[in-house]
Amino acid sequence: MATLFSDRGFSGSTKITSDEFSKLRDIIYELSGIYLQDNRRFLVENRFAHRLTELKLKSYTEYIAYLQNGLKGKAEEMNMLELITTNETSFFRDNPQLTAFRNYTLKELIDEGNKTGRREIRIWSAGCSSGEEPYTLSIIFHEMLKNDLNKWRIRITANDISSNVLEMAKRGVYTRYALRTTPAPIVSKYFREREGDMFEVNPEVKRLVNFGKINLNDDRSVKLVPKSHVVFCRNVIIYFDREMKKKVLEGFHNNLLPDGHLYVGHSESLHMITKNFKAIQHSGAISYRKL
C-alpha cells in the first residue's frame, strides 16, 4: 500500500482543532483502516493545506462537511486517501527477505510444481504502491525459471488503495533513484533507458503482473483476489490499529492456499496478533507460513 505520509513539506496555514482531527481520523479509519496517532495533526495540516485552498474551504469543519456532501463527498474521499499516503519504495528493497523468498519459498514451490506437473504460482502483492515490489518479484521469476518460464502459469496480483500510484505502476517508468538497490546487471537486462535518466520496465516483466485497486478494509474486494501461494504485504499493517491488523491478517489467511507463505515488513510482527501463522526464521529475515 502507498505508505502513510511523511513529514516533508510545509506547515499548513489552516490549523486543525482536536475535535476536527478526531472526526477526520474516524472518517479515514472507517474508509481505509489507517489509524492516525495524535502526533499526526501537524502532518494532516501539512498535507491538506493546498486541498482546502483548492476547495475554497476555511476550516477542517467545512472540509468534513464537504466529505459528507453526497456524490461530491464520495469523490473527495478518494482525494483524501491520496493525501494521507506517500510512496517511498525501490526495486529489490530488503534484500534478505527477497533472498529468503527466492531460496526458500519460491524454490519449494518450483520443486513441488515440477514434481506434480501443476506448474502454477500465484502471488498477491497487497499494497504494491507504484509497482516496484511486484515487478521485482516478476524479475525474480524470470531469473529463477529462465527458459522454463513459458512452461509455468505465473500470476502476480498487485493491489493498492491509491489510484495515482497504480497509474504510475502500470506505466512502469521509474527514476534512477528507484533502482538504487537494484544490481546493475538486472537493470541492463530488464529495463530500457529513456530520456531524462528514466527507466522503463521491459514488457516481459510487465506481462506477469496484474494491477488493480483495493481497500484492505473492504471484505468483498479482498475475497475477490485469486487464491495465492504467497502474499507480500510489507510496511502496510504497521499503520493499522490492532483490530484492523487482525482483520487484514485474517483476510490474508483466508486468501492463502494450504501451507501458503506470508511476507510482511521487517519491522512488522504477527506476535500477539494472530496464531494462524508459523514464523520461519531465515538469515536476516522472517517469513510466515499458514497454519
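Everything discussed here concerns the structure shown above.
Now for a quick tour of the structure. (Residues numbered from 1 in each chain as written. Predicted model: local features only at pLDDT ≥ 70, side-chain atom pairs only at ≥ 80, totals over all residues. Heavy atoms only, no water.)

**Things to note about the state of the cysteines**
Here comes step 1: For the structure shown, the criterion picks out 0 disulfides.
Here comes step 2: Looking at the unpaired Cys128, the closest cysteine sulfur is the one in Cys233, lying at 11 Å.
Here comes step 3: Since its relative accessible area comes to 2%, Cys128 is described here as buried. (Disulfide = S-S within 2.5 Å. Buried < 20%, exposed > 50% of the residue type's maximum accessible area, 1.4 Å probe, protein only.)

**Some thoughts on the pattern of salt bridges**
Here comes step 1: Counted by the stated rule, this structure contains 20 salt bridges.
Here comes step 2: Between Arg51 and Glu54 there is a salt bridge, with its nearest N and O atoms 2.8 Å apart. You can see Arg51 and its partner Glu54 sitting in helix 2 (residues 41–54), 3 residues apart, about one turn around the helix.
Here comes step 3: Judged by its relative accessible area of 43%, Glu54 falls in the partly exposed class.
Here comes step 4: Its salt-bridge partner being Arg51, residue Glu76 comes within 2.5 Å of it at the nearest N-O pair. (Salt bridge = Lys/Arg side-chain N within 4 Å of Asp/Glu carboxyl O. Helix = DSSP H or I, 4+ residues; strand = E, 2+ residues; numbered from the N terminus.)

**A closer look at the sheet that holds strand 6 (residues 191–194)**
Here comes step 1: The sheet built from 3 strands is open, its strands ordered 5-7-6 with antiparallel pairing. Strand pairing shows two members of the sheet lacking a second neighbour, strand 5 (173–175) and strand 6, which therefore form its edges. The mean angle between the axes of side-by-side strands here comes to 35°, regardless of whether they run parallel or antiparallel.
Here comes step 2: Inspection of the sheet shows strand 6 paired to strand 7 (residues 198–201) by 4 bridges, in the antiparallel sense. (Pairing = 2+ DSSP bridges. Axes fitted to C-alpha atoms, helices over the stretch in contact; angles between N-to-C directions.)

**A short note on the sheet that holds strand 4 (residues 153–160)**
Here comes step 1: Read from one edge to the other, the open sheet built from 7 strands follows the order 8-4-3-9-10-12-11, with strand pairing classed as mixed. For this open sheet the edge positions go to strand 8 (209–213) and strand 11 (277–282), each flanked by a neighbour on one side alone. With strand direction ignored, the average angle separating the axes of adjacent strands in the sheet is 20°.
Here comes step 2: Pairing of strand 3 (residues 120–126) with strand 9 (residues 228–233), which is carried by 3 bridges, proceeds in the parallel orientation. By the bridge assignment, Trp124 is partnered in strand 9 with Val231.
Here comes step 3: Docked against the sheet, helix 5 (residues 95–116) engages strand 3, strand 9, strand 10 (256–264), strand 11 and strand 12 (285–290), running at close to 170° with respect to strand 10.
Here comes step 4: In the packing of helix 7 (residues 163–171) onto the sheet, the strands contacted are strand 4 and strand 8, and the crossing angle to strand 8 comes to about 165°. (Contact = heavy atoms within 4.5 Å.)

**Description of the environment of Leu31**
Here comes step 1: Residue position: Leu31 is located in helix 1 (residues 18–32).
Here comes step 2: Through-space distance from the C-alpha of Leu31 to that of Ala100 is 34 Å; in sequence the pair is 69 residues apart.
Here comes step 3: The residues contacting Leu31, other than those within four sequence positions of it, are Glu77, Met80, Asn215 and Asn217.

**What about the packing of aromatic side chains?**
Here comes step 1: Using the criterion set out here, one finds 11 aromatic pairs in the structure.
Here comes step 2: On the basis of an interplanar angle of 75° and a centroid distance of 5.6 Å, the ring pair of Phe48 and Tyr63 is categorised as edge-to-face. Of this pair, Phe48 sits in helix 2 while Tyr63 sits in helix 3 (residues 60–67), and the two are 15 residues apart along the sequence.
Here comes step 3: Ring geometry for Phe101 against Tyr263: centres 6.1 Å apart, planes inclined by 85°, an arrangement best described as edge-to-face. Pair noted here: Phe101 is in helix 5 and Tyr263 is in strand 10, with a separation of 162 residues, a long-range link. In this pair, the class of Phe101 matches that of Tyr263, namely buried.
Here comes step 4: Connected via pairs of aromatic rings, a cluster forms that spans Phe91, Tyr135, Tyr174, Phe191 and Phe211. (Phe/Tyr/Trp six-rings, centres within 6.5 Å; stacked < 30°, edge-to-face > 60°.)

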